[in-house]
Structures are given as C-alpha cells and as structure tokens.
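Residue-level listing of the chains:
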Amino acid sequence: MKTTAAIAVVSGLVSCAVASPAKRSVTAITVKGNAFFAGDERFYIRGVDYQPGGASDAKDPIADATACKRDIVKFKSLGLNTIRVYTVDNTADHDECMNALADAGIYLALDVNTPKYSINRAEPEVSYNKVYLQSIFATIDAFEKYDNTLLFFSGNEVINDDATTSCAPYVKAVTRDMKSYINSRGYRSIPVGYSAADVDSNRFQMAEYMNCGADAIRSDFFAFNDYSWCDPSSYEISGWDQKVAKYSNYSIPLFLSEYGCNKNTRKFEEVASLYSTDMTGVYSGGLVYEYSEEGSKYGLVTIDGDSVTEGADFTALKTALAGTKDPSGDGGYKSDGSASACPTKSSTWNVTIAADELPAFPSGADEYLKNGAGTGPGLKGAGSQSSGSKTTQLADAASGAVTSGASAGSSTSSKGAAPSMHMGEFSMGPLVCGIIVLASTIFGATLI
Ligand SMILES: *[C@@H]1O[C@H](CO)[C@@H](O)[C@H](O)[C@H]1NC(C)=O
Ligand SMILES: *[C@@H]1O[C@H](CO)[C@@H](O)[C@H](O)[C@H]1NC(C)=O
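Residues numbered from 1 in each chain as written. Chains lettered and ligands numbered in written order. Predicted model: local features only at pLDDT ≥ 70, side-chain atom pairs only at ≥ 80, totals over all residues.

So, the overall build of the chain
Part 1 of the reasoning: The secondary structure content of the chain amounts to 12 helices and 15 strands.
Part 2 of the reasoning: Taking all contacts inside the chain whose residues are at least 6 apart in sequence as the whole, residues at least 24 apart take part in 80%. (Helix = DSSP H or I, 4+ residues; strand = E, 2+ residues; numbered from the N terminus. Contact = placed C-beta atoms within 7 Å.)

Next up, the structure:
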C-alpha cells in the first residue's frame with residue numbers, strides 16, 4: 001500500500017505532462033458478462049469490414065486520412081458504429097482518421113496481424129516467436145491510446161479445416177500474451193479475442209477452447225464468420241436459431257466478424273434477426289463483408305480513384321439497418337457465466353497439447369512486458385514467420401501471464417500466473433498512462 005501512495009503522489013505531479021494524442025470523444029467499450037457496453041448501455045456492433053485494396057494487399061486504410069474521411073461519410077450514411085480493419089502499418093500515424101471516426105461515433109475492431117507478421121498455420125511453432133510478438137505489441141501501442149479502439153483480434157481464420165485445429169494452442173498463447181502486454185503496460189482493458197473462419201465442424205470447439213481454463217488465458221470475446229443466411233431465408237431456415245441454442249450458455253461476447261451471403265440478391269434480411277431479442281441474449285451484432293468491391297462481389301461500394309459509387313447492396317444494407325432498432329434495455333444478456341469446458345480431442349479437434357498447458361511465452365520476449373515493444377516493423381519489415389524454432393516449449397498455460405484488476409472479464413490470478421496488479425484501484429485518468437507504465441514496469445520486473 002506504500003507503493004500505491006507513492007504512485008498517487010507522483011501521478012499528481014506529472015498527470016498533465018503526458019500529452020493525449022487523440023481526442024477522447026467516445027466512451028470506451030467494456031465487457032460485462034456476454035455483452036459489450038458503452039457505459040451502462042448495451043453496445044451492439046453495427047459494422048462493416050473495411051480494407052480497400054483487399055486483405056492480402058497489405059495497405060493500411062486508416063493511415064490515409066483523406067480516403068478515410070471520404071469513407072466515413074458513407075459509414076455514417078449506413079448507420080454504422082464499427083469498422084473492422086484487417087491490416088495496419090504500426091509505424092504509421094493514425095490520429096487523423098481515428099479522431100474523425102471518433103467524431104462520427106465509430107469504433108475500430110482491429111486485426112493486429114499482417115501478412116508477414118502472423119501465425120503460419122503450416123508451421124505455428126516456428127511462427128510463434130519473439131519477433132512476431134514485437135510487431136503485434138507495437139500495434140497495440142499504436143492503438144491503445146484511442147478510446148474508439150473497440151477490440152483487437154489476436155488471429156483471423158488461422159484454423160481453416162479440421163487438420164489445422166492443431167494451431168489452436170498457438171492462437172490461445174498469442175491471446176494470452178496480448179492480454180499480458182496490455183496489463184503489464186497499464187493500458188485500458190481493450191478486449192482481445194479470435195475471429196474464426198466459417199467452418200462448422202470445429203468452430204464450437206474453438207469457441208469453447210478460447211473460453212476455457214484459467215481466467216488469464218481466456219479470451220474477452222469470440223467472433224466467427226457466418227455466410228449461412230442467404231436471402232431469401234429466415235431465422236429457422238438459415239439455422240441461426242440452432243446456433244443461438246448451441247451458444248446459449250457461452251459466457252463471453254459473441255459476434256459475427258463477417259456476414260452477408262451473396263449467392264442471391266442481398267436484402268440483408270438477417271439484420272432484423274441479428275438485432276432482435278431472438279439473438280441478442282447470445283450475440284452482440286456483427287460486421288458485413290465488406291465495404292469495397294474487391295473482385296468477389298461482396299462490396300457495398302466501388303472505389304475508383306477518389307470516387308466512391310454506392311451499389312445496390314449499399315442501399316439494401318442501409319435500409320435494413322435503418323429499419324432495425326436495438327432491443328430496449330439490455331437485450332437479455334447474461335451478466336455472469338462460467339468458463340467453458342475445454343473440448344476433448346476428436347476427429348474434428350486435433351489438439352494434442354493438454355488443456356492446462358500452452359506454448360511457453362517465447363524466450364526473450366519478456367523484455368517487452370517490462371520496457372515496451374519499441375518501434376514496430378511496419379508492413380515493410382522482413383517478417384517473422386520463420387524467426388522461431390521447430391521445438392515448442394510447453395508451460396503451465398498461464399505461466400508468466402500478467403493479469404489486472406481492471407480487466408474486463410476477471411481479476412483473479414490463476415495457478416502459475418503472476419499476481420494480479422489491480423491497476424484499477426488507483427483510479428487514474430487516461431493522461432497518467434506514463435506513470436501506470438512505470439508502476440507496471442516496477443511490478444513487472446519482479447514477476448517475470
Ligand atoms: C494431429 O496433430 C499432430 C501434431 O500436433 C499431427 O502429428 C497429426 O498428424 C495430426 N493428426 C491429424 C489427423 O491431422
Ligand atoms: C446450459 O446450461 C444449463 C445449466 O447448466 C444446462 O442444463 C443446459 O443443457 C446448457 N445448454 C447448452 C446448450 O449447453
């Protein structure tokens with residue numbers, strides 16, 4: 001407690017010295033039970049996926065302030081509150097676009113991976129390494145300061161069939177490490193979770209796996225892509241009623257990271273179901289794939305140079321969203337729920353690592369927890385996928401994980417985990433982040 005007092009004094013002295021680079025004009029989103037909240041209001045994601053140029057063409061769309069502002073006009077017209085971006089350059093300046101999004105009441109769901117800095121499903125053990133973590137931690141550094149950073153995706157479609165379910169422990173380890181980094185740097189508890197591919201056979205196991213075990217290694221949310229509602233359809237014909245039943249006990253927020261089947265004319269009739277109480281007890285909205293036309297006929301608009309042309313899908317989505325209000329009250333969310341049971345090995349779930357073990361935090365990477373990640377490699381770096389070793393060191397699943405009392409989901413430190421740091425009890429404002437970092441550096445050094 002002596003430490004607390006000392007920190008409080010120092011924070012008083014320097015609280016104005018740390019410049020806030022972003023306007024903080026939106027309420028940061030928090031997780032309660034299986035839902036997102038903006039203050040006391042339930043928050044449902046009404047979003048689109050935004051990656052003009054395509055996801056594999058690594059170009060940072062929110063580093064381009066002019067294009068960003070041009071597209072924000074369209075986002076507002078659609079009635080969105082969230083965009084998802086798949087790739088950013090962690091060396092670029094995002095202030096202008098992030099501020100403009102905040103002014104429009106729009107949040108960012110961000111994938112921290114890039115084509116060169118990501119887990120390689122063919123060699124997860126080699127691609128999970130210190131060089132990789134430096135890049136994704138630097139991305140966290142670049143976005144934690146914006147209150148409209150809604151959440152971070154720790155991975156996207158790493159598992160794309162039953163054979164690649166063996167990657168799951170690496171995805172979970174990365175999620176653990178991102179949460180540790182956020183906590184050890186004293187950042188706001190920005191939710192971290194995984195975005196699963198539209199693969200029916202193992203998706204539920206992955207949802208369970210990411211939400212099982214010690215609190216320090218559980219995700220803050222789970223998202224999946226779902227193209228199963230193809231207009232004309234219905235809640236029952238699409239099978240969405242079955243999914244709601246299946247996930248009915250799931251205890252963390254669940255949402256669609258991509259939706260919008262384009263087999264037939266899109267009317268986005270699923271929107272009315274997604275934001276109705278049929279689903280809101282279990283789901284928290286979703287993101288339509290995707291904003292710009294990239295050759296696969298999923299685009300709502302066509303971008304040609306500086307001009308943006310709205311397609312029929314744009315009008316259809318706009319009409320569907322405008323005609324669908326959020327449910328009143330809390331939408332029937334569950335304020336408490338327990339961790340899932342870890343799935344057992346089966347023909348569709350090939351995880352051979354025991355549920356209470358995970359790949360150990362890569363050697364040498366603990367320096368980032370203590371000192372910060374430093375400058376990221378951006379999109380031009382040499383990449384990290386071959387920087388590790390073929391041997392996976394296993395450790396107690398939460399070993400070395402840094403937990404925080406301010407964390408959205410939970411505050412307990414778990415078996416093998418570092419003691420929780422309870423940053424929340426200092427009640428410091430966002431401007432004193434420098435001091436929180438100092439405090440966690442001191443604690444961090446004794447924890448690792
Ligand atoms: C399951 O994963 C292990 C490695 O973790 C691999 O050796 C084995 O071939 C996989 N089995 C199947 C059926 O994919
Ligand atoms: C949800 O939990 C309740 C109480 O434990 C249980 O009876 C029910 O079968 C569970 N439902 C599902 C779909 O797992």
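This is not the end of the story, as more comes after the structure.
Digging into the site of ligand 1
Part 1 of the reasoning: Taken together, Ala 163, Ser 166, Asn 350 and Thr 352 are the residues near ligand 1.
Part 2 of the reasoning: Here the residues of the shell around ligand 1 are counted per class, giving 1 nonpolar, 3 polar and no charged. (Near = placed C-beta within 6 Å. Nonpolar A, V, L, I, M, F, W, Y, C, P; charged D, E, K, R; others polar.)

Focus: the environment of Asn 225
Part 1 of the reasoning: Topologically, Asn 225 is positioned in strand β9 (residues 221-226).
Part 2 of the reasoning: Setting aside residues up to four positions removed in sequence, Asn 225 forms contacts with Ala 196, Ala 197, Asp 198, Leu 256, Ser 257 and Glu 258.

Considerations on the pairing of strand β1 (residues 29-32)
Part 1 of the reasoning: What you see with β1 is a clean split: Ile 29 and Val 31 sit on the buried side and Thr 30 and Lys 32 on the side with no burial.
Part 2 of the reasoning: Pairing geometry for β1 and strand β2 (residues 35-38), over 4 bridges, is antiparallel. Residue pairing across strands places Lys 32 opposite Ala 35, the latter belonging to β2.
Part 3 of the reasoning: Taken together, β1 and the strand that follows it, β2, pair antiparallel across an intervening segment of 2 residues, in which Gly 33 is found at a positive phi of about 55°. (Buried ≥ 20, exposed ≤ 12 C-beta atoms within 10 Å, placed from the backbone. Pairing = 2+ DSSP bridges.)

Quick look at the pairing of strand β5 (residues 82-85)
Part 1 of the reasoning: Across the two faces of β5 the burial is the same, with Thr 82 and Arg 84 and Ile 83 and Val 85 all buried.
Part 2 of the reasoning: Bridge analysis of strand β4 (residues 45-49) against β5 gives 3 bridges, and the strand direction is parallel. Bridge pairing links Val 48 to Ile 83 in β5.
Part 3 of the reasoning: Two elements, β5 and strand β6 (residues 107-111), share 4 bridges in a ladder whose sense is parallel. Looking at β6, one finds that Val 85 is bridged to Leu 110.
Part 4 of the reasoning: Traced from β5 through helix α3 (residues 95-103) to β6, the parallel crossover comes out right-handed. (Right-handed = clockwise from strand over helix to strand, strands pointing away.)

A few points about unusual backbone geometry
Part 1 of the reasoning: Residue Pro 232 is reached from Asp 231 by a cis peptide bond, and omega for that bond is -5°.
Part 2 of the reasoning: By secondary structure assignment, the location of Pro 232 is in the loop between β9 and α8 (240-246).
Part 3 of the reasoning: The step from Tyr 289 to Glu 290 runs through a cis peptide bond, and the omega angle for that step is -5°.
Part 4 of the reasoning: Take Glu 290: it is sitting in the loop between β11 (285-288) and β12 (301-304).

Some words on the confidence of the model for the chain
Part 1 of the reasoning: Confidence in the prediction for the chain averages 87 pLDDT; 84% of positions are at 70 or higher.
Part 2 of the reasoning: Every residue in residues 1-20 is under pLDDT 50, and counting partners more than four places away or in other chains gives 21 contacts.
Part 3 of the reasoning: Low confidence marks residues 405-448, where pLDDT is under 50. Its contacts with residues over four positions away, or in another chain, come to 105 contacts. (pLDDT = per-residue confidence, 0-100.)

Regarding helix α2 (residues 65-78)
Part 1 of the reasoning: Look at α2: 20 Å from first C-alpha to last across 14 residues, which is about the 20 Å you get at 1.5 Å a residue.
Part 2 of the reasoning: Lining the buried residues of α2 we find β5, α3, β13 (307-310) and α10 (312-322). (Expected span 1.5 Å × (residues − 1).)

Structural notes on the packing of helix α6 (residues 168-184) against helix α7 (residues 200-210)
Part 1 of the reasoning: At a minimum axis separation of 10 Å, α6 and α7 run at an interaxial angle of 40°. Taken as a pair, α6 and α7 cross one another with a handedness that is right-handed. Together, Ala 168, Lys 172 and Thr 175 of α6 and Met 206, Tyr 209 and Met 210 of α7 make up the contact between the two elements.
Part 2 of the reasoning: Counted by class, the contact of α6 with α7 contains 4 nonpolar, 1 polar and 1 charged residues. (Axes fitted to C-alpha atoms, helices over the stretch in contact; angles between N-to-C directions. Left-handed = near helix turned anticlockwise from the far one by under 90°.)

With respect to the sheet that holds strand β10 (residues 254-259)
Part 1 of the reasoning: The 8 strands are arranged β4-β5-β6-β7-β8-β9-β10-β11 in a closed barrel whose pairing can be described as parallel. Direction aside, neighbouring strands of the sheet carry axes that sit 25° apart on average.

Re the nonpolar core
Inside soluble globular proteins, nonpolar side chains tend to come together where they are buried.
Part 1 of the reasoning: Residues Leu 108, Leu 110, Ile 140 and Phe 152 are the most contacted members of the largest nonpolar core, which totals 113 residues.
Part 2 of the reasoning: Among the elements that make up this core, the one with the highest residue count is helix α5 (residues 130-143) (9 residues).
Part 3 of the reasoning: Excluding anything up to four places from it in sequence, Leu 108 contacts Ile 83, Val 85, Met 98, Leu 101, Asn 148, Thr 149 and Leu 150. (Core = buried A, V, L, I, M, F, W, Y, C linked by C-beta atoms within 7 Å.)

Details of the sheet that holds β2
Part 1 of the reasoning: Strand order in this open sheet of 3 strands is β1-β2-β3, and the pairing throughout is antiparallel. Edge positions in the open sheet fall to β1 and β3 (41-43), since each of these has one partner strand only. Across the sheet, the mean angle separating the axes of adjacent strands is 50° when strand polarity is ignored.
Part 2 of the reasoning: Taken together, the 3 bridges between β2 and β3 define a ladder with antiparallel strand orientation. Paired with Ala 38 across the strands is Glu 41, a residue of β3.

Details of the packing of α2 against α3
Part 1 of the reasoning: Contact pair α2 / α3: the axes reach a minimum separation of 9 Å and the direction vectors enclose 15°. With respect to their mutual orientation, α2 and α3 come out roughly parallel. When the axes of α2 and α3 are compared, the crossing they make is right-handed. Across the interface between the two elements, Ala 65, Cys 68, Lys 69 and Ile 72 from α2 touch Glu 96, Cys 97, Ala 100 and Leu 101 from α3.
Part 2 of the reasoning: The residue makeup of the contact of α2 with α3, split by class, is 6 nonpolar, no polar and 2 charged. (Parallel < 35°, antiparallel > 145°, perpendicular 65-115°, else oblique.)

Observations concerning α7
Part 1 of the reasoning: Burial in α7 covers these residues: Asn 202, Arg 203, Gln 205, Met 206, Ala 207, Tyr 209 and Met 210.
Part 2 of the reasoning: Close packing links the buried residues of α7 with α6, β8 (192-196) and β9.

Things to note about the environment of Val 192
Part 1 of the reasoning: If you trace the backbone, Val 192 turns up in strand β8.
Part 2 of the reasoning: The exposure class of Val 192 is buried, given the 24 C-beta atoms found within 10 Å.
Part 3 of the reasoning: C-alpha of Val 192 to C-alpha of Leu 110: the two residues are 82 residues apart in sequence and 9.7 Å apart in space.
Part 4 of the reasoning: The contacts of Val 192, once residues within four sequence positions are left out, are Phe 152, Ser 154, Thr 175, Met 178, Lys 179, Ser 219 and Asp 220.

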